[in-house]
Amino acid sequence: MADKPKCILVGLEASEGFTSTPALDYAVALAAHHGSCLTVCALPPSIYLPISRTGGGLASIVKKELDALEATTRETAKAAARLAAGAGVECVTEQSLSRLEPRSARLARLARVNDLCVLDAPGKGSDMKSDVVEDVLFDSGRPVLLVPQAGGNPAPKRVAVAWDGSARAARAVDDALSFLQEAEQVFIVSVTGEKDLSRMAPGADLAAYLVRHGVNDPQIETLTAIDGDVTARLNAFLSAEQVELMVMGAFVHSRFREAVLGGVTRTMLQSAPAPLLLAH
């Protein structure tokens, strides 16, 4: 994404009594910063189930409750649009309301026609939100930017790239290029002690590539994972260097759709102290 994002998508879980979320605040500010069009896709609350999963009898019993959840979802989308309009951002609203497919399916399709999808980071123990992240990441072909509860700077000045030389990491770098070009300081971070990096594309080669693409003086950092805990070492580095955006490739254990995120990826998205841009 060498060009600045022109089309930004944010996924927002509906709730009664609308309150903004870190992802929505970040996406609105990012769209305002770049003059982008923002699409808000409201997802029904996580208890919402497609009818195909409930069975005919139960479906008729819960229809009234489903109607209420769908009304809440529409109101959430409208409230988010008003928030965006108040910030001077062009905004389109969508609702993921099909009762015949998973609630994140519409969001994943929309992500394919947007430059970037912004979501709230799942946090520990939030399996339903993790499923949404995985659906968009695996099915859209687009990068996902996860915003932690503490929020983040939509124009980050200090950005780190988790670099293992893999194709996934290279894809993430390309998707994050507009952020990297605007940053004042970029770190290329490799962690030893967890896997064999002998065949990786060296960080120095990535640094040369980034300089040719207008990135200011990338700094190479090689860290050691104590007891193999890559996540803890990365998070310690992010905190110490006051990094405002982390860029990394999303590792998966299987090539099938039911694949699960790799251990480092999953723990990073649940605990990263800064927004996390993932690409697969």
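In what follows, the structure referred to is the one given above.
Fair warning: this is a prediction, and the values are worked out from it, not measured in the lab.

**Description of the nonpolar core**
Stage number 1. Residues Leu38, Val118, Leu145, Leu180 and Leu210 are the most contacted members of the largest nonpolar core, which totals 40 residues.
Stage number 2. The element best represented in this core is helix H1 (residues 22-34), accounting for seven residues.
Stage number 3. Apart from the residues within four sequence positions on either side, Leu38 is in contact with Ile8, Val10, Ala27, Val28, Ala31, Ala84, Val89, Glu90, Cys91 and Val92.
Stage number 4. Listed in part, the 33 residues of the second largest apolar core include Val132, Val136, Phe138 and Leu278.

**Notes on the sheet that holds strand S6 (residues 158-162)**
What holds strands together in a sheet is hydrogen bonding between their backbones, with the strands either parallel or antiparallel.
Stage number 1. If you walk across this open sheet you meet the ten strands as S3-S2-S1-S4-S5-S10-S9-S6-S7-S8, and the pairing is mixed. Of all the strands in the sheet, the pair left with one neighbour each is strand S3 (91-95) and strand S8 (219-224). Between one strand axis and the next, the sheet turns by 25° as a mean value, whatever way the strands run.
Stage number 2. Two elements, strand S7 (residues 185-192) and S8, share six bridges in a ladder whose sense is parallel. The residue of S8 that forms the bridge with Ile188 is Ile220.

**Quick look at unusual backbone geometry**
Trans peptide bonds make up most of the peptide bonds, and negative phi angles are found at most residues other than glycine.
Stage number 1. Phi is positive for Asp217, close to 40°, though the residue is something other than glycine.
Stage number 2. Its identity is not glycine, yet Gln242 carries a phi of approximately 55°, on the positive side.
Stage number 3. Within the secondary structure, Gln242 is located in the loop between helix H8 (230-240) and strand S9 (245-249).

**Comments concerning the pairing of S9**
Stage number 1. Burial analysis of S9 places five of its five residues in the buried class, the great majority of the element.
Stage number 2. Side chains of S9 alternate between two faces, with Leu245, Val247 and Gly249 and Met246 and Met248 buried alike.
Stage number 3. Relative to S9, S6 is paired through three bridges, and the arrangement is parallel. Along S9, the bridge assignment pairs Val159 with Leu245.
Stage number 4. By the bridge criterion, four bridges tie S9 to strand S10 (residues 276-279) in an arrangement that is parallel. Each bridged residue has a counterpart across the sheet, and for Met246 the counterpart in S10 is Leu276.

**Comments concerning empty space enclosed by the protein**
Stage number 1. This structure, assessed with the given rule, holds one cavity of 30 Å³ or more.
Stage number 2. There is about 30 Å³ of room inside the largest cavity.
Stage number 3. Forming the walls of the largest cavity are His34, Pro154, Ala155, Pro156, Ser178, Phe179 and Glu182.
Stage number 4. Top element by residues in the lining of the largest cavity is helix H6 (residues 177-182). It accounts for three residues.
Stage number 5. Per-class residue counts for the lining of the largest cavity are four nonpolar, two polar and one charged.

**Digging into the packing of aromatic side chains**
Stage number 1. Here the structure, examined in full by the defined rule, presents one aromatic pair.
Stage number 2. Aromatic side chains Phe187 and Phe237 sit 5.3 Å apart centroid to centroid with 90° between the ring planes, which places their arrangement in the edge-to-face category. One end of the pair, Phe187, is in strand S7; the other, Phe237, is in helix H8, and 50 residues separate them in sequence. Grouping residues by exposure puts Phe187 and Phe237 together as buried.

Rules used throughout
Residues numbered from 1 in each chain as written. Predicted model: local features only at pLDDT ≥ 70, side-chain atom pairs only at ≥ 80, totals over all residues. Heavy atoms only, no water. Core = buried A, V, L, I, M, F, W, Y, C linked by side-chain atoms within 4.5 Å. Buried < 20%, exposed > 50% of the residue type's maximum accessible area, 1.4 Å probe, protein only. Helix = DSSP H or I, 4+ residues; strand = E, 2+ residues; numbered from the N terminus. Contact = heavy atoms within 4.5 Å. Pairing = 2+ DSSP bridges. Axes fitted to C-alpha atoms, helices over the stretch in contact; angles between N-to-C directions. 1 Å grid on protein atoms, 1.4 Å probe; cavity = no way out; pocket = protein on both sides within 12 Å on 5 of 7 lines; lining within 4 Å. Points joined across faces, edges and corners; volume = space filled by probe spheres on them. Nonpolar A, V, L, I, M, F, W, Y, C, P; charged D, E, K, R; others polar. Phe/Tyr/Trp six-rings, centres within 6.5 Å; stacked < 30°, edge-to-face > 60°.

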